[in-house]
Amino acid sequence: MRDALFPVTSVAVLVLTAAGIVWRARNKRWVQDLQLEVNAQPRLSVIKPVFLVLCAVVTVSLGVWSLEAGFAPGWGFFPLALEALLLVGFTVWIARRPFPTD
C-alpha cells in the first residue's frame, strides 16, 4: 500500500491540475487578464514554460532511472511530467489566442 502512495498522488495532482485548467479557462475575464499579462512582458512570459519543459525532462529522466533501478512506484514521475507539459500547453494556448475586439 505504501508503494502506491506516490503514483496515486501524482495521478491525483495531474487530474486536479487538468480540472483546474478547465475550470479557469471557462472564466473569460480571467483568460483575458492572463492574455494581457502574457502580452505585457513577452520575454518574461517565456521563462515559465521553458522552466516547466526542463522540469518535465528531468522528471521523465527520474522516472526512467528509478524504474531501471527497480523502484516500482517510479512510474509516478510520468504523470508529474505530463502535468508540467499540460501547464505549458495552457500557457501557449493563452498566448496564441486572439485578443477580443469588443
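Overview of the structure. (Residues numbered from 1 in each chain as written. Predicted model: local features only at pLDDT ≥ 70, side-chain atom pairs only at ≥ 80, totals over all residues. Heavy atoms only, no water.)

**Observations concerning the packing of helix H1 (residues 5–25) against helix H4 (residues 77–96)**
Running from amino to carboxyl end, H1 crosses H4 at an angle of 15°, the nearest separation of the two axes being 8 Å. By the criterion of interaxial angle, the relationship of H1 to H4 is roughly parallel. Remark: the crossing between H1 and H4 carries left-handed chirality. Residues Phe 6, Ser 10, Val 11, Val 13, Leu 14, Thr 17, Ala 18, Ile 21 and Ala 25 of H1 form the contact with H4, whose participating residues are Phe 77, Pro 79, Leu 80, Leu 82, Glu 83, Leu 86, Leu 87, Phe 90 and Trp 93. (Axes fitted to C-alpha atoms, helices over the stretch in contact; angles between N-to-C directions. Helix = DSSP H or I, 4+ residues; strand = E, 2+ residues; numbered from the N terminus. Parallel < 35°, antiparallel > 145°, perpendicular 65-115°, else oblique. Left-handed = near helix turned anticlockwise from the far one by under 90°. Contact = heavy atoms within 4.5 Å.)

**Observations concerning a nonpolar patch on the surface**
Together, Val 58, Val 60, Leu 62, Val 64 and Trp 65 make up a nonpolar patch on the protein surface, roughly 440 Å² of accessible area in all. Locating Val 58 in the fold gives a position in helix H3 (residues 42–68). Classification of Val 58 as partly exposed rests on a relative accessible area of 48%. (Patch = residues over 30% accessible without salt bridge, like charges linked within 9 Å, V, L, I, M, F, W, Y side chains within 5 Å. Areas by Shrake-Rupley, 256 points an atom, 1.4 Å probe, with all protein chains shown as cover. Salt bridge = Lys/Arg side-chain N within 4 Å of Asp/Glu carboxyl O. Buried < 20%, exposed > 50% of the residue type's maximum accessible area, 1.4 Å probe, protein only.)

**Description of the packing of aromatic side chains**
Following the criterion strictly, the structure yields 3 aromatic pairs and no others. Judged by centre distance (6.1 Å) and plane angle (15°), the rings of Trp 30 and Phe 90 are stacked. You can see Trp 30 sitting in helix H2 (residues 28–40) and its partner Phe 90 sitting in helix H4, a full 60 residues away along the chain. These aromatic residues form a ring-pair network of at least three members: Trp 30, Phe 90 and Trp 93. (Phe/Tyr/Trp six-rings, centres within 6.5 Å; stacked < 30°, edge-to-face > 60°.)

**A few points about the environment of Arg 29**
Mapped onto the elements of the fold, Arg 29 is located in helix H2. Sequence spacing of Arg 29 and Thr 91 is 62 residues, and the spatial spacing of their C-alpha atoms is 16 Å.

**Here's the deal with H4**
For H4, spanning 20 residues, the distance from its first C-alpha to its last is 29 Å, which sits close to the expected 28 Å at 1.5 Å a residue. Considered for burial, the residues of H4 that qualify are Phe 77, Pro 79, Ala 81, Glu 83, Ala 84, Val 88, Phe 90, Thr 91 and Ile 94. Buried residues in H4 make contact with H1, H2 and H3. (Expected span 1.5 Å × (residues − 1).)

**What to know about the nonpolar core**
In this structure, Ile 21, Val 31, Leu 34, Val 38, Phe 90 and Ile 94 together form the largest nonpolar core, which totals 6 residues. At 3 residues, H2 tops the list of elements feeding residues into this core. If we ignore the near neighbours within four places in the chain, the residues touching Ile 94 are Val 31, Leu 34, Gln 35 and Val 38. Ala 56, Ala 81, Ala 84 and Val 88 belong to the second largest nonpolar core, which has 5 residues in total. (Core = buried A, V, L, I, M, F, W, Y, C linked by side-chain atoms within 4.5 Å.)

**Overview of the side chain of Ser 66**
For Ser 66, the location among the structural elements is in helix H3. By relative accessible area, Ser 66 is classed as buried at 11%. Polar contacts involving the side chain of Ser 66 include one to the main-chain carbonyl oxygen of Gly 63, which spans 3.0 Å. Setting aside anything within four residues of it in sequence, one finds Ser 66 in contact with Phe 71, Gly 74 and Phe 77. (Polar contact = N/O pair within 3.5 Å; in protein donor to acceptor, adjacent residues only side chain to side chain.)

This is a description of form; function is not addressed.
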